[in-house]
Amino acid sequence: MATITVLYEKTEKNEELFRLQHEFSDMIAAYLHSHLTESSCLEVMVVKGSPKRLKSLVDGLKANKPVKQIKFSVMTANEDRLV
């Protein structure tokens, strides 16, 4: 499990961001979108999947020109400890 927090500049249409979200939709368990200012947005995605696919998603987001910052945080979930 991980969270990916993305700060990006709002554009009329960010086709690459939409494409990535759909391509990796099987990994995105939850999604939050917030308008911070007239020109910037914040998105938080709770994701789960293989490290290789998570890296592909993060790399794709980093390559997106409107993206200004990305924070990636991994948590290990031991099912024996989850109650």
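First, a word on scope: everything that follows refers to the structure included in this document. This one's a predicted model, so the numbers in the text were calculated from it and none came from an experiment. The numbers attached to residues start from 1 for each chain and follow its sequence in the written order. With the structure being a predicted model, the display of local features is reserved for residues of pLDDT at least 70 and the display and counting of side-chain atom pairs for 80 or more, all residues being used for whole-chain, interface and lining totals. Each side-chain value is derived from all of the structure's non-hydrogen atoms; neither hydrogens nor water enter the calculation.

Right, let's get into the overall build of the protein. Put simply, DSSP H or I for four residues or longer makes a helix, DSSP E for two residues or longer makes a strand, and each gets a number counted from the N terminus. For the protein, the count of helices and strands is 2 helices and 4 strands. Each of the three principal axes of the protein carries a C-alpha extent, and together these read 45 × 25 × 20 Å. A total of 83 residues make up the protein; the buried ones form 30% of that total. Partitioning the intrachain contacts of the protein with sequence separation of at least 6 by distance along the chain shows that 69% fall at a separation of at least 24. All accessible areas in this document rest on Shrake-Rupley with a 1.4 Å probe, and a residue is counted as covered only by the protein chains that are shown. Surface summary for the protein: the accessible area is close to 6000 Å², and the carbon and sulfur share equals 55%. Relative accessibility under 20% of the residue-type maximum defines a buried residue, over 50% an exposed one, and the middle range a partly exposed one, all with a 1.4 Å probe and only protein chains included. Contacts are assigned to residue pairs with any non-hydrogen atoms lying within 4.5 Å of each other.

This next bit is on the sheet that holds strand β3 (residues 40-47). Any two strands are treated as partners once DSSP identifies two or more bridges connecting them. The strand order across the open sheet built from 4 strands is β2-β3-β1-β4, with neighbouring strands paired in antiparallel fashion. For this open sheet the edge positions go to β2 (28-35) and β4 (67-74), each flanked by a neighbour on one side alone. Here the strands of the sheet are splayed against their neighbours by 10° on average, with no regard to which way each runs. Axis definition: a line fit to C-alpha positions, over the contact stretch in the case of helices; interaxial angles, taken between N-to-C directions, run 0 to 180 degrees. Strands β1 (2-9), β3 and β4 of the sheet are contacted by helix α2 (residues 51-62), whose axis makes an angle of about 160° with β4.

The next subject is the pairing of β3. Side-chain positions along a regular strand alternate between the two faces of the sheet. Pairing geometry for β1 and β3, over 8 bridges, is antiparallel. Among the inter-strand pairings, isoleucine 4 is bridged to a residue of β3, identified as methionine 45. The pairing of β2 with β3 spans 7 bridges and is classified as antiparallel. Within β3, the residue paired with alanine 30 across the bridge is valine 46. Adjacent in sequence and paired antiparallel, β2 and β3 are bridged by 4 residues.

What follows deals with the nonpolar core. Grouped together as the largest cluster of nonpolar side chains are 18 residues, with contacts concentrated most on Ile4, Val6, Met45, Val47, Leu57 and Leu61. When contributions to this core are tallied by element, the ones reaching two or more residues are β1, α1 (15-23), β3, α2 and β4. Dropping the residues within four chain positions of it, leucine 61 is found in contact with Ile4, Val6, Leu17, Leu20, Met45, Val67 and Ile70. Nonpolar core, defined: a set of buried Ala, Val, Leu, Ile, Met, Phe, Trp, Tyr and Cys residues in which side-chain atoms within 4.5 Å join the residues together.

Let's shift gears to the environment of alanine 63. Note on placement: alanine 63 falls in the loop between α2 and β4. For the pair formed by alanine 63 and leucine 17, sequence separation is 46 residues and the distance between their alpha carbons is 9.9 Å.

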